[in-house]
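Close look at the chain arrangement
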Amino acid sequence: MGKAFEEMWSEIKGKIKEISPEELNKRMTNGKETLLLDIREKDEVRREYIPGAELLPRGFLEMQVEELIPDKERPIVVYCAAGVRSGFAAKTLMEMGYKDVASLRGGIEKWKGSGFEVLRDLDFTRDQLKRYSRQIILREVGEQGQAKIRRGRVLIVGAGHLSSAATMYLAAGGVGKLGIVDSHTVTQRDLRGQILHTVPSLGKNRAESAAKMVKGINPDVSIEAHPVSLGVENTVDIIEGYDIILECTGNSHTRYLVNDACVLKERPLFIAEMKGDWGRAMSVYPGEGPCYRCVFPKPDLDENRSEREGGFDHLGGFMGLIQAAEVFKFFLGKGDLLKGELLLLNGFSMRFHRKPVERNRECPLCGEHPTITHLMEDRDSYGHQINQGRIERWALK
Ligand SMILES: [Zn+2]
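Residues numbered from 1 in each chain as written. Predicted model: local features only at pLDDT ≥ 70, side-chain atom pairs only at ≥ 80, totals over all residues.

1. Focus on the overall build of the chain
- Along its length, the chain carries 16 helices and 15 strands.
- Counting only C-alpha atoms, the chain reaches 85 × 50 × 40 Å along its principal axes.
- Counting only contacts in the chain whose residues sit at least 6 apart along the sequence, the fraction spanning at least 24 positions is 67%. (Helix = DSSP H or I, 4+ residues; strand = E, 2+ residues; numbered from the N terminus. Contact = placed C-beta atoms within 7 Å.)

Right, here's the structure in full:
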């Protein structure tokens, strides 16, 4: 190091606060108040980093830090490889008005030498890092969060209106595996609001058309098309390969069937529906809150109402996005989930309502004396019972 540098460094050392790895460890385990900022280059971070760190390379510090840390009172600890670059960065942050800034003495090298944990190699390629960088830089996500999303497996039941927005955002956001179930073929009228499908897909199976779109959006996603209709004979087998299920069919027969299978197999289920000028969404967390039957014990048998009365196509986009958002929050373990709540959106007034919903003790599926303990094997009887509206006897052998 040159003389000028030595002089600058000793001047900076006199102005900044440095903390030891032990102090940092204490701060990181005593609540989440302190923000740990890694200002190294991305290639260095990918080799190893301190758990819980936010990434912001030194070259972008002045430009992006206020977006990342709007609260100037929040305690910040900056680190780099050996504690020099972070010293300069700490001084810059203080000059920008941050009140409580410290630099990790000796950087990540000393942290490791003191026996503290580092995480290694998240295995994202350069292109993937570029693709997800906006999401990765979010405090709630980070490279670790992105890795959790990449491990996620989501089954989307239906490839129509609701599914379009949900599927495209899940694919673009980097969910590792997507499955899409749909037995219908793409028709002209689907092209109006089902943006998963394009003109060349006319006449093709909707699950396969959706899979093609997903590949085009993000080739990293592993996609499985299930060009079948769900019934008692295949639902459990299909959902078992996934962590989360989205119900997007707009068909109450399928919705109750998927609800039953998800509760029996303990899979979180995010349901969205739209009718006319309203949409609603609810999440089912088996064992932790109400299921769809608890809230809607009887199916709406007038399936064709929206065809007759019309509906807003854009509501499908809104409601599907709510489902996608729920998936990302679930994988990250952050944010408020729609647990025990029904979310209603009026497409005219643009008003959202959140209504608490509870488990029903009388629920035949998750109540005190459940009568539904497995899916009924006879598909015709199951369908017949639904058509009769005798849902209390659904799935009973
Ligand atoms: Zn229930």
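Moving on from the coordinates now.
2. Re the packing of helix H1 (residues 3–15) against helix H5 (residues 85–95)
- At a minimum axis separation of 10 Å, H1 and H5 run at an interaxial angle of 55 degrees. In terms of their interaxial angle, H1 and H5 are classed as oblique. Here H1 runs over H5; the crossing is left-handed. In this structure, H1 uses Ile12, Lys13 and Lys15 to contact H5, whose residues at the interface are Gly87, Phe88 and Lys91.
- Of the residues contributing to the contact of H1 with H5, the split by class is 2 nonpolar, 1 polar and 3 charged. (Axes fitted to C-alpha atoms, helices over the stretch in contact; angles between N-to-C directions. Parallel < 35°, antiparallel > 145°, perpendicular 65-115°, else oblique. Left-handed = near helix turned anticlockwise from the far one by under 90°. Nonpolar A, V, L, I, M, F, W, Y, C, P; charged D, E, K, R; others polar.)

3. Here's the deal with the sheet that holds strand S2 (residues 35–38)
- An order of S1-S6-S5-S2-S4 is seen for the 5 strands of this open sheet, with the pairing classed as parallel. Here the strands that pair on one side only, and so sit at the sheet edges, are strand S1 (17–19) and strand S4 (54–55).
- When S1 meets strand S6 (residues 101–104), the two strands line up parallel, connected through 3 bridges. Pairing of glutamate 18 across the sheet is with serine 103, part of S6.
- The sheet contacts of H5 involve strand S5 (76–79) and S6, and relative to S6 the element is tilted by about 175 degrees. (Pairing = 2+ DSSP bridges.)

4. Section: the packing of helix H9 (residues 161–172) against helix H15 (residues 313–332)
- Packing of H9 against H15 leaves a shortest axis separation of 7 Å and a crossing angle of 40 degrees. Here H9 lies oblique to H15, going by the angle between them. Two packed elements cross with a definite hand, and for H9 against H15 that hand is right-handed. Across from His161, Leu162, Ser163, Ser164, Ala165, Ala166, Tyr169 and Leu170 in H9, the residues of H15 making contact are Asp313, Gly316, Gly317, Met319, Gly320, Leu321, Gln323, Ala324 and Val327.
- Within the contact of H9 with H15, the residues separate by chemical class into 9 nonpolar, 7 polar and 1 charged.

5. Considerations on the sheet that holds strand S13 (residues 278–284)
- The 8 strands lie next to each other as S10-S9-S8-S11-S12-S13-S14-S15, forming an open sheet whose pairing is mixed. In the strand order of this sheet, the two ends are held by strand S10 (222–226) and strand S15 (351–356), each with one partner. Adjacent strand axes in the sheet meet at a mean angle of 15 degrees when their direction is disregarded.
- Sheet analysis places strand S11 (residues 244–247) next to strand S12 (residues 269–275), joined by 3 bridges and oriented parallel.

6. Section: the environment of glycine 216
- Relative to the elements of secondary structure, glycine 216 occurs in helix H10 (residues 206–217).
- Considering only alpha carbons, one finds glycine 216 and serine 103, 113 residues apart in sequence, at a separation of 44 Å.

7. Re the environment of glycine 320
- Checked against the element boundaries, glycine 320 lands in helix H15.
- Glycine 320 gets classed as buried once you count the C-beta atoms within 10 Å, which come to 31.
- For the pair glycine 320 and valine 357, spaced 37 residues apart in the sequence, the C-alpha separation amounts to 21 Å.
- The contact partners of glycine 320, leaving out residues within four places of it in the chain, are Leu162, Ser163, Ser164, Ala165, Ala166, Cys248 and Ala272. (Buried ≥ 20, exposed ≤ 12 C-beta atoms within 10 Å, placed from the backbone.)

8. Remarks on unusual backbone geometry
- Non-glycine residue glutamate 266 carries a positive phi angle of around 55 degrees.
- Positive phi outside glycine occurs at methionine 350, with the angle close to 60 degrees.
- Tracing the backbone through its elements, the reader meets methionine 350 in the loop between strand S14 (341–346) and S15.
- Judged by local crowding, methionine 350 falls into the exposed class, with 8 C-beta atoms found within 10 Å.

This is a description of form; function is not addressed.
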